[in-house]
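Take a look at the letters that make up each chain.
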Amino acid sequence: MCGIVAYVGSRSAQPILLDALNRLEYRGYDSAGLAILNGKGLEVRKKSGRILELAKACEAHPVQGNLGISHTRWATHGAATDQNAHPHLDSSGRLALVHNGVIENYLELKSQLSKTGHRFASETDTEILAHLIGEAFQASKEKGEARLIEAVRNAIARIHGTLGIAVIHADLPGLVVGARRGSPLVIGVGQGENFLASDIQALAPYTNRVVILQDQEIVSLHADRFDIIAPLGAKTNFKVEKIENGVTHSDKGSHPHYMLKEIFEQPSSILNAFRGRLDSDGATAKLGGLNLTSEQLRKIERICVLGCGTALHSGMVGKYLIESLAKIPVETQHASEFRYGDSPVSAHTLFLAVSQSGETADTLGALREAKRRGYTCLGICNNVASTIARESDGGVYMHAGPEIGVAATKSFTSQVTIFALLGLLLGRLRSLSASHGAELLEALTHLPHKIEETLKHSDKVAQVAQKYAATRSMLFLGRLANFPIALEGALKMKEITYIHAEGYPSAELKHGVIALIDKDTPTVLIATQDGVYEKNLGSLQEIKARGGPVIALAHEGDKKIMGLADALLEVPQTHRLLQPILNVIPLQLLSYHMAVALGRDVDKPRNLAKSVTVE
Ligand code: AGP
């Protein structure tokens, strides 16, 4: 987590750092800070809270200078206070550091440093690293920039954990040193100016020419040049890449929140997920980026999907899609569990790492573990050139456009759409008939319009939200492919309203969950007409018999359900395998409207960050 930006050039650093930092606020928003070399020494501003608070502090006391580092924090070690905000200084007060990552052995290092007289101003793990680099800088016999580079290399060799850092020193005006281990860092190449950031997105208005720093590399950055130093100390070659279409800044348009804007973008984000990928002649899908031949695709015997949160839920829907269409067994794994578990994987298994950001540390760790074991791994990512996209053997981009709201919405439906394409492609290479393939293709082309129809119910969903906003606990039930939709509905509800919510397969109700039912615990029951519709009606009756209110998610005009449920969320009908894509939309809207009714910070809910780049 956390976002880093550094600038060196001829322009005033402060406005550039603040602007670029704003684009990284999705990585964390507990506190923010910057340090600028002002010609005499280091000047630091830092504030707990949003970047806006830092901007106010900088407006009240502007900092002059053309070189600086900045940071937006998602707290790991130490509360969200001014003291714990980055940058952190070394003992001399002349070296400043910003850090994204976690230093696992910081307590041991802190105790060693304390014994040699170091005193600390914060509770963070990062400050330890600032002191270690400062100490190594004092001890170094090198001169000029080599001195800071050596100090950084020696200090990070003592660290266990992950880091993306930017360091400046008052004795070396004109130099920023960056280093990366586990956490992403990218160099933005300008004219007479250069940048360093955790994410390309931060640099969008300044440059589209980037160099992605590789793991374990160090960079020394000046206004007119930069060098990349490999782990063993030699300068290394690099490639400047031009990023096209991957980075656009997004505003809310006429919507009050990014989340609502992104929910309403789904007709076009879905279209972008399948545009140019439908092959009506072959009644199949074309996915050029897989880097696998038809022969290799035919040999896949199992699929393992890795992801976290919403991305994992999309994989769970993907399981139903691929198993139905291609008859390939699919398992889904929490990426965080897979990477440390002993779970056996059979030969001819294809791994799919699903991640909107492409930077989620747990998913990246799991992908690396699968690759280490020798498996082929594909990525399903939204962020172009993200670490997961680059480290995968191939993959499919979502092309959903920037997703800024912390609650994932359009990325989920894009991911499920891509699973449908993948299922279709794999199915047509096996036993799926052309007519069944063509049916799905046809339904896909109508999906954007069906989503528009679904979104027309937003006002009605808002009324339901008003009615139930005072609730303290909710259940979400669904069966088969709608079970992950229930999980996703519950996750959305928890993360942006802070109402306790649980998702279960409907039939699990009677195995314990039913004890929670009372008149104050509403259940959202997904009961669109499918093979388990009657079973779902049975669950509805069981809940009603115990006095529990039921919000039924049903097909438009379903009179049977209308007569039974306390409230209705309606969706149009589509192909049974695509129905979950429509069904999730009222649940996104329900949590959104409830969060608004409760006055929550919809786009930046407490304790969360958009991109979870720590374990
Ligand atoms: C969903 O609303 C969440 N904010 C979260 O669960 C998210 O989906 C998860 O952290 C994975 O992110 P990724 O898709 O960027 O890997």
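Residues numbered from 1 in each chain as written. Predicted model: local features only at pLDDT ≥ 70, side-chain atom pairs only at ≥ 80, totals over all residues. Heavy atoms only, no water.

Engineer: Give a detailed account of the site of the ligand, specifying residues and quantitative values.
Structural biologist: Of all residues adjacent to the ligand, which total 15 residues, the nearest are Ser355, Gln356, Ser357, Thr360 and Glu495. In the environment of the ligand, an oxygen atom lies 2.6 Å from a nitrogen or oxygen atom belonging to the side chain of Ser355. Here an oxygen atom of the ligand sits 2.7 Å away from a polar atom, N or O, in the main chain of Gln356. Protein contact buries 90% of the 410 Å² of open area that the ligand shows by itself. At the level of elements, helix H9 (309–326) and helix H16 (482–497) are the ones that each hand at least two residues to the shell around the ligand. Counted by class, the shell around the ligand contains seven nonpolar, six polar and two charged residues. (Near = heavy atom within 4 Å. Polar contact = N/O pair within 3.5 Å; in protein donor to acceptor, adjacent residues only side chain to side chain. Areas by Shrake-Rupley, 256 points an atom, 1.4 Å probe, with all protein chains shown as cover. Helix = DSSP H or I, 4+ residues; strand = E, 2+ residues; numbered from the N terminus. Nonpolar A, V, L, I, M, F, W, Y, C, P; charged D, E, K, R; others polar.)

Engineer: Tell me what's going on with the packing of helix H14 (residues 434–455) against helix H19 (residues 579–597), and back it up with residues and numbers.
Structural biologist: It is at 10 Å that the axes of H14 and H19 come closest, and there the two elements cross at 30 degrees. In terms of orientation, H14 lies roughly parallel with respect to H19. In this structure, H14 crosses over H19, and the sense of that crossing is right-handed. Residues Leu447, Lys450, Ile451, Thr454 and Leu455 of H14 touch H19, and the partners they reach there are Ile581, Leu582, Ile585, Pro586 and Leu589. Here the contact of H14 with H19 is built from residues that sort into eight nonpolar, one polar and one charged. (Axes fitted to C-alpha atoms, helices over the stretch in contact; angles between N-to-C directions. Parallel < 35°, antiparallel > 145°, perpendicular 65-115°, else oblique. Left-handed = near helix turned anticlockwise from the far one by under 90°. Contact = heavy atoms within 4.5 Å.)

Engineer: Please set out the packing of H9 against helix H13 (residues 410–428) residue by residue, giving values where relevant.
Structural biologist: Two elements in contact, H9 and H13, have axes whose closest approach is 8 Å; the angle formed by their N-to-C orientations is 25 degrees. When the interaxial angle is binned, H9 and H13 end up roughly parallel. Seen from above, H9 lies across H13 with right-handed handedness. Along its contact with H9, which presents Thr310, Ala311, His313, Ser314, Gly315, Val317, Gly318, Leu321, Ile322, Leu325 and Ala326, the element H13 presents Phe412, Gln415, Val416, Phe419, Ala420, Leu422, Gly423, Leu424, Leu426 and Gly427. For the contact of H9 with H13, the residue count by class is 13 nonpolar, eight polar and no charged.

Engineer: Give a detailed account of H16, specifying residues and quantitative values.
Structural biologist: Compared with an ideal rise of 1.5 Å per residue, which puts 16 residues at 22 Å, H16 spans 22 Å between its outermost C-alpha atoms and is within 8% of the ideal. Within H16, 14 of the 16 residues are buried, leaving the element largely enclosed by the surrounding structure. After H16 finishes, the residue Tyr498 shows a positive phi value of roughly 70 degrees. (Expected span 1.5 Å × (residues − 1). Buried < 20%, exposed > 50% of the residue type's maximum accessible area, 1.4 Å probe, protein only.)

Engineer: Give me the sheet that holds strand S24 (residues 523–526): which residues, what numbers.
Structural biologist: What the five strands build is an open sheet, ordered S23-S22-S24-S25-S26; its pairing is parallel. The open sheet terminates on both sides in strands that have one partner only, identified here as strand S23 (500–505) and strand S26 (567–571). Adjacent strand axes in the sheet meet at a mean angle of 20 degrees, parallel and antiparallel pairs treated alike. In this sheet, strand S25 (residues 550–555) lies alongside S24 in parallel orientation, the contact comprising four bridges. Residue pairing for S25: Val524 is matched across the bridge by Ile551. In the packing of helix H15 (residues 458–468) onto the sheet, contacts are made with S25 and S26, and the angle to S26 comes to roughly 150 degrees. Where helix H17 (residues 533–545) meets the sheet, it contacts strand S22 (473–478), S24 and S25, and its direction lies at approximately 165 degrees from that of S24. (Pairing = 2+ DSSP bridges.)

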